[in-house]
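Tertiary structure, described
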Number of protein chains: 4
Amino acid sequence: MDFAYDETTVELQQRLLAFMDECVYPAEARFREEAESLDDRWGTPPVIEELKAEGRRRGLWNLFLPRTHEYGAGLTNLQYAPLAEITGRNPWIAPEAINCSAPDTGNMELLSLFGTEAQKERWLEPLLEGEIRSAFSMTEPEVASSDATNIATRIERDGDDYVINGRKWWTSGAMSPRCTLLIVMGVTDPDAHRYRRQSMILVPKDTPGVNIRRSTSLFGYDDGPHGGHAEIVYDNVRVPASNLLGEDGDGFRIAQERLGPGRIHHAMRAIGMAERALEMMCERTAQRSTFGRPIIEHGVVQRWISEARVRIEQVRLLVLKTAWLMDTVGNRGARIEVSAIKVAAPELATWVIDRAIQAHGGLGVAQDTLLPELYAVARILQIADGPDEVHHMAIARRESARYERVPVTN
Amino acid sequence: MDFAYDETTVELQQRLLAFMDECVYPAEARFREEAESLDDRWGTPPVIEELKAEGRRRGLWNLFLPRTHEYGAGLTNLQYAPLAEITGRNPWIAPEAINCSAPDTGNMELLSLFGTEAQKERWLEPLLEGEIRSAFSMTEPEVASSDATNIATRIERDGDDYVINGRKWWTSGAMSPRCTLLIVMGVTDPDAHRYRRQSMILVPKDTPGVNIRRSTSLFGYDDGPHGGHAEIVYDNVRVPASNLLGEDGDGFRIAQERLGPGRIHHAMRAIGMAERALEMMCERTAQRSTFGRPIIEHGVVQRWISEARVRIEQVRLLVLKTAWLMDTVGNRGARIEVSAIKVAAPELATWVIDRAIQAHGGLGVAQDTLLPELYAVARILQIADGPDEVHHMAIARRESARYERVPVTN
Amino acid sequence: MDFAYDETTVELQQRLLAFMDECVYPAEARFREEAESLDDRWGTPPVIEELKAEGRRRGLWNLFLPRTHEYGAGLTNLQYAPLAEITGRNPWIAPEAINCSAPDTGNMELLSLFGTEAQKERWLEPLLEGEIRSAFSMTEPEVASSDATNIATRIERDGDDYVINGRKWWTSGAMSPRCTLLIVMGVTDPDAHRYRRQSMILVPKDTPGVNIRRSTSLFGYDDGPHGGHAEIVYDNVRVPASNLLGEDGDGFRIAQERLGPGRIHHAMRAIGMAERALEMMCERTAQRSTFGRPIIEHGVVQRWISEARVRIEQVRLLVLKTAWLMDTVGNRGARIEVSAIKVAAPELATWVIDRAIQAHGGLGVAQDTLLPELYAVARILQIADGPDEVHHMAIARRESARYERVPVTN
Amino acid sequence: MDFAYDETTVELQQRLLAFMDECVYPAEARFREEAESLDDRWGTPPVIEELKAEGRRRGLWNLFLPRTHEYGAGLTNLQYAPLAEITGRNPWIAPEAINCSAPDTGNMELLSLFGTEAQKERWLEPLLEGEIRSAFSMTEPEVASSDATNIATRIERDGDDYVINGRKWWTSGAMSPRCTLLIVMGVTDPDAHRYRRQSMILVPKDTPGVNIRRSTSLFGYDDGPHGGHAEIVYDNVRVPASNLLGEDGDGFRIAQERLGPGRIHHAMRAIGMAERALEMMCERTAQRSTFGRPIIEHGVVQRWISEARVRIEQVRLLVLKTAWLMDTVGNRGARIEVSAIKVAAPELATWVIDRAIQAHGGLGVAQDTLLPELYAVARILQIADGPDEVHHMAIARRESARYERVPVTN
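Residues numbered from 1 in each chain as written. Chains lettered and ligands numbered in written order. Predicted model: local features only at pLDDT ≥ 70, side-chain atom pairs only at ≥ 80, totals over all residues.

1. A look at helix α9 (residues 335–360) of chain D
Residue and element names in this part refer to chain D. Taking 1.5 Å of rise per residue, the 26 residues of α9 would be expected to cover 38 Å, and the 38 Å separating its terminal C-alpha atoms lies within 8% of that figure. Most of α9 is tucked away, with 23 of its 26 residues classed as buried. Looking one or two residues beyond α9, the residue adopting positive phi is G361, at roughly 65°. (Helix = DSSP H or I, 4+ residues; strand = E, 2+ residues; numbered from the N terminus. Expected span 1.5 Å × (residues − 1). Buried ≥ 20, exposed ≤ 12 C-beta atoms within 10 Å, placed from the backbone.)

2. A short note on the interface of chain A and chain D
It is common to give the size of an interface as the accessible area that goes away when the parts come together. Between chain A and chain D, the contact holds 46 residues from the first and 46 residues from the second. For the side of chain A that touches chain D, the secondary-structure elements that each account for two or more residues are α7 (251–286), β10 (293–294), α8 (299–333), α9 (335–360) and α11 (388–400) of chain A. If you tally residues by element for the side of chain A that touches chain D, the top one is α8 of chain A, at 14 residues. Of the residues in the side of chain A that touches chain D, the class split is 25 nonpolar, nine polar and 12 charged. (Contact = placed C-beta atoms within 7 Å. Nonpolar A, V, L, I, M, F, W, Y, C, P; charged D, E, K, R; others polar.)

3. Some details on the interface of chain B and chain A
Facing 36 residues of chain B, the contacting portion of chain A comprises 34 residues. Among the elements of the structure, β3 (161–172), β9 (289–290) and α10 (371–380) of chain B are those that each provide at least two residues to the side of chain B that touches chain A. It is α10 of chain B that provides the largest number of residues to the side of chain B that touches chain A, a total of five residues. Along the lines of polarity and charge, the residues of the side of chain B that touches chain A split into 16 nonpolar, 15 polar and five charged.

4. Some remarks on the relation of the copies chain B and chain A
Taken as rigid bodies, chain B and chain A are interconverted by a rotation of 180° and an axial shift of 0.0 Å, the fit giving an RMSD of 0.0 Å. With respect to symmetry, the two chain copies, as superposed, fit the operation of a two-fold axis. Distance from the rotation axis, computed per C-alpha, reaches its smallest value in chain B at G220 of chain B: 2.2 Å. A high fraction, 94%, of the interface residues of chain B reappear at the interface in chain A, so the copies pair face to face through one surface. (Least-squares fit on C-alpha atoms with pLDDT ≥ 70 in both.)

5. Observations concerning helix α1 (residues 7–37) of chain D
All names here are of chain D. For α1, spanning 31 residues, the distance from its first C-alpha to its last is 43 Å, which sits close to the expected 45 Å at 1.5 Å a residue. The sharpest bend along α1 reaches about 45° and sits at E28. Along α1, the residues that are buried comprise L12, L16, F19, V24, A27 and A35. Elements in contact with the buried residues of α1: α2 (46–57), α3 (77–87) and α4 (94–97). (Bend = angle between axes of the 7 residues up to and from the residue.)

6. Considering the relation of the copies chain A and chain D
Structural alignment of chain A on chain D gives an RMSD of 0.0 Å, achieved by rotating through 180° and translating 0.0 Å along the axis. Take the interface residues of chain A: 100% of them recur as interface residues in chain D, which is what a same-surface contact looks like.

7. Concerning the packing of helix α1 (residues 7–37) of chain A against helix α3 (residues 77–87) of chain A
All names here are of chain A. In the contact formed by α1 and α3, the axes pass within 9 Å of each other and the chain directions differ by 15°. Between α1 and α3, the crossing angle belongs to the class labelled roughly parallel. The hand of the α1/α3 crossing is right-handed. Residues T8, T9, L12, Q13, L16, L17 and M20 of α1 form the contact with α3, whose own contacting residues are Q79, P82, L83 and I86. (Axes fitted to C-alpha atoms, helices over the stretch in contact; angles between N-to-C directions. Parallel < 35°, antiparallel > 145°, perpendicular 65-115°, else oblique. Left-handed = near helix turned anticlockwise from the far one by under 90°.)

8. Concerning the environment of P346 of chain B
Residue and element names in this part refer to chain B. Looking at the element boundaries, P346 is found in helix α9 (residues 335–360). Sequence separation between P346 and M20 is 326 residues; the distance between their C-alpha atoms is 22 Å. In this structure, P346 is in contact with A270, A378, L381 and Q382, ignoring residues within four places of it in sequence.

9. Structural notes on the pairing of strand β5 (residues 198–204) of chain B
Residues and elements named next belong to chain B. Among the seven residues that make up β5, six are buried, leaving the element largely enclosed by the rest of the structure. As paired strands, strand β4 (residues 179–187) and β5 are joined by seven bridges and run antiparallel to one another. Across the sheet, L182 pairs through a bridge with V203, a residue of β5. Pairing between β5 and strand β8 (residues 244–245): two bridges, direction antiparallel. Looking across to β8, one finds that I201 is bridged to L244. (Pairing = 2+ DSSP bridges.)

10. Points about the pairing of strand β2 (residues 154–158) of chain B
Residue and element names in this part refer to chain B. Relative to β3, β2 is paired through five bridges, and the arrangement is antiparallel. Considered in β3, the bridge of I155 is made with I164. Here β2 folds back onto β3, and the loop between the two strands holds two residues, one of which, G159, carries a positive phi near 65°.

11. Let's talk about the environment of N62 of chain D
All names here are of chain D. Looking at the element boundaries, N62 is found in the loop between α2 and α3. A sequence separation of 315 residues divides N62 from V377, and the C-alpha atoms of the two residues are 22 Å apart. Apart from residues no more than four positions distant in its own chain, N62 is found in contact with Y71, G72, A73, N99, C100 and L128.

12. With respect to the nonpolar core
For soluble globular proteins, the rule of thumb is that nonpolar side chains tend to be buried together. In this structure, V319 of chain A, V319 of chain B, V319 of chain C together with V319 of chain D are the most contacted members of the largest nonpolar core, which totals 527 residues. Excluding anything up to four places from it in sequence, V319 of chain A contacts A81, I264, A267, M268, I271, I341 and A345 of chain A. (Core = buried A, V, L, I, M, F, W, Y, C linked by C-beta atoms within 7 Å.)

13. Concerning the domain arrangement of chain A
Residues and elements named next belong to chain A. Taken domain by domain, chain A holds domain 1 (7–128), domain 2 (133–249) and domain 3 (252–400). The distance between the C-alpha centroids of domain 1 and domain 3 comes to 20 Å. Across the contact, 20 residues belong to domain 1 and 23 residues belong to domain 3. Within the residue set of the side of domain 1 that touches domain 3, elements represented by two or more residues are α3 and α5 (104–114). No other element matches the seven residues that α3 contributes to the side of domain 1 that touches domain 3. In terms of residue class, the side of domain 1 that touches domain 3 is made up of 11 nonpolar, six polar and three charged. (Domains from an automatic or database assignment.)

14. With respect to the confidence of the model for chain A
When the pLDDT values of chain A are averaged, the result is 94; 99% of them are 70 or greater. Interface confidence in the predicted complex, given as ipTM, is 0.96; pTM for the same model is 0.97. (pLDDT = per-residue confidence, 0-100.)

Shown next as structure tokens:
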């Protein structure tokens, strides 16, 4: 057992921290201004492309793809985790600047694992280059998607094609003109075993019948520069059968595969968000005084700061251990730990950000700091990728599996 | 001791609930659409004026002004409280539809209590008629306003005038073209006792030197239809000395007077917000099922529902008792109870709304329900009118006042 | 609506507070010493009998029996509630000193409501006189009694007798030599509807076959002076059929009837326990200083004090309202409110006492203050009379009853 | 970074777990019975000596002393941590069975670090052999010991002796006849710098003037078999100057040194206590059913189980990392992390145990399970070795140290 980061990690942390200091933080104001003045609400602020070029130049690019893949930086999950955390300090700019932003990371991982050569050439390569973006179309407005067996969209074989019909929403990123690929999950065989009913299929966004209706917002934020969160009606959308990802009936299995790393990346970034909020809370309260003392010395604020520190340290260690498990026993073996950090990290982040908001007073909810939008980002993580309740249930089930139940009689 | 509402209250509750059912809820969609399509982001959706006419026609108008005032509906605080609660079920429409919306209510109360006849004629009457709106300009961006003695804006006597210099923000409503009056708090005598340094003055919004810079937002919501939250630079703003509200040095005292009822109104509405959120949580979870049962029957959701109910009942009673105290021993005598509900009601409301959001999944943070904006409204109440921490401190001080302290030696 | 106590209540409060100040608090040390030096661990400290005489002399006796009964002080629940609260300030001495201590109060209420004249004469009268004590034998060690239909003890008709077989525990008070009556709940008709299977029967403690095995303790406290908490094996215990309380099959209904007032009395006393703990916290922290200030002025301690005050006020109001409901709509009509205070009051009390313990440091867990034993008393209330979880479930069910469920399909 | 235990640790874990299964758990009932039937309430149940012999035979002895010491098993803190955790599963038997129980461990560590050869020979060797026990006499009833500078006991030089006067309590273990050594902290130079005023001195328990007054209890438990918690009056206690531990004025520094490892040992064991409670909660709820399902499948209980698991994993990792820091940067360098686990581990343990109690119903507070006494042990850890509030303050101070304060002006 050893709690020191290895040399590769330390070197990359320093490089990434320098990138944050020298490029990302200074670009925050410009990002906001450009986002507000774009003609296309779903367009990308030009500063992003500059930062991507710089990120790539500094050797910070596609860090997320684990060593087991043929692409990517060749890091382990354990090496990537502390880097993803750093990007969480500005989740709107930093991840994309190093081509490590959701949902593309998960999609690239799927293509890398399950894509055919043709699929990889057409979609994975431009994604790895940062030339296009992609979206993941799974959640549906009409059913409680927390139970994945509820999914109702149909993907039906018709000759050499599949025909897709259904309504999805929270297809994040799909409003962006840069997004050209949709990975859609739906039912191919309603009569199969509940975990073999679904498949995943690649749908070019410009396919006829792909009707983007609108974007849903997050606490008043539209996430415009990231392509919003599209509600899409798939109306007799026809794609060649070769667009299927993996085998027919693999949908549920692939989704599980995708969500593991996706969830850990979110958890890592959530810790970075918490660190940023804690830093802002300290900075602000050190610079204001009430009742004869700097606010940072008031007992209740001290307690917030201390609890934030103690909890951040704990969750970070659990995330790191989970990354290590994914490296050593595989995504499936680390499944319950992934559920654990999926609930622990966003809960931590929302709490720390909320306290930072409170410590900022009126400034804390306004557009002058990152805090309220950071709160929205952290809060949605308690819902996305399976609401916390589903993960708690999974953890409880594994914990209690080895205890023999009494027969129920009444 | 008697926990039954009196006849007047019951009759008005029924009338107001009918107004909600017949007019307010049906207008919610139209309000949103009109707000989005107005040319002026700070303009008022036409549906509001229709609702005001209807509210007035139904005898629901200016209910807030307590019996002790010469204007208003002649209700006690205890009678008004359950009515204000009902309006909290839609805080953007209902309060204004019956001319009971902040910050005008507080301002009308001040004018009624401290205004000269001329001031009343010019400002109070059109406010009571719902013809104009007003704003309260107290909080400053440069200092921690939670300690009111930090306020730095100057109001200096110059011959027959006062000249105002300073910067304020969170002057809610001031972006609206309907808002024509600003009540400004500032320092008239920096050498006086700390609670006698400040005064309040009436400033017509069109006075030269009133520079409205921008509006601050709330978690991404701009509160446009309510006139946003203005940041205002007062640059040598000159008004006649007769515009002073009350006496020179009365600012702190008047502010305390104003904040009492203001805080209780907010608390009442916060309970209505919590009730609405609980209702939405039940409706939604009864209509969705996961893992073979309606979500409303899952144990964790049942716990949320039960805790919400138990806590709502408690906070409502405390608010009602505080209203009764204000009626029987006066605003000053109920000061600590006002602090208690100021912290208890928004804490309750944010919690219930947050759980309702969670129970809604992705829908819960999107623009399709009131929930995320309701959350923002409840959350700011933990900051506005003195952050919770200041009120807790006041409560603790009174509680501990009767215990003799040990002399400190180290 | 009126939040002032009526004259009767105020007068009795003053009289009872005087009794606490003049008699109960001064007797605390003596009670403890006598309890420790008694030959019989389950005997009664002599000071109790003196206090009972004094309580009776002061007109403070049997206050608990509501106006609807032919016995008792003729108070309403609403009038008795604030008095019960006061006795919670020392739950080991004060309730018994005025003959208002559990489980006798509930038992007397049952006898008053359902007893035959002969039963009343034999049992109720000496109980009202404070000459004997009684116990309520319902919970069983082998089943989860939180689901009352689990109860397994059999009460079988045999000629003119009933024969009882089963094992009970947590039969509080039964270790005391003064306890001569056991009210036992068991199954008379296993084939009846689940709520008609059970009956209640009066069992003289000296009946052959009543085998008292031992007493269970509460966090290391044996509750000796109150007769402990007996585990009893009923081995072919034979009593005349006339000992049945109410009709055959009434057990569940009578239990519900009994638990309503019992729960509200516990809730009332829990508030008094919280008040006492808060008072002790303030006294202690005002008299100690660390880091250059009295502890009571440290921010975190101030927050505890403030939260305690805010929460106590709320729970008290909910208890009072519930008492008022019991008076106006009956025990059954107030059923859900009773569940609400059943969970709210002990949760409050354990929290306040826990913080008071923390504020006392090492003293807080030792035998020198009431705090640790007070904690144990409050903590068991979260388990006794149905664990909190069952009550939350009942509250959630009523709340959600009016929402129509979706049909479940998967 | 590597989260796998090393081979030594794994081997010792297995050996210790086997010892628990084969010896400790089977001895639990006998320990309780013997403790209850001893003539001397402060005597040691004979089973303890048998277990000590067996523990030693199995090579499980003095595991706690870190590698840097000349005595002990030569483990690092990181290696010892998971072993201490296991002993926490029965904190009354297991630690002592392997001679790793507080306060002896801390005292042995002090003697090893600061003792003279003569002191080591007289005290350390029999302690390492498990022949005697010792106590640490620091906390005082008259002052708030959470601020160590409050300590008032005097240790005055008088010729070749020191003379001790003062009153201490919570001198754990000192009631036991096996305890022969008291390490006493007191003021040698009241005029020195506040951190140089105090010294520590070795006092044989049978020295004239050592007046043991009584033992304080913990939530009704007297901790008899461990020698209780003595209140001691030191009345002109005279010991040779050679009994001073370290230099004159070193008291504060030595205390800090002692408390680091002491706190981490407590934290480790607290995790073991939480694991035991979680296991008991699962076992019990799997074997009972209510409302047609095993209790373990009720949603609220599942949430407790899941939260317990998620939190335990986190705290364990933080404790392990702290142990690693102590090994790599020293006790002083790990000071703030030690504070973090000092608050985190007992808070976790009390919460898990409390939920396990609730899940057990009436059984959960009675003497039939370890739970209520386990609760008492965990709860006192939030007070002992500096109350949580002091540690939170220290953590906040370090966190905020690098932020420049505003000058305070009002």
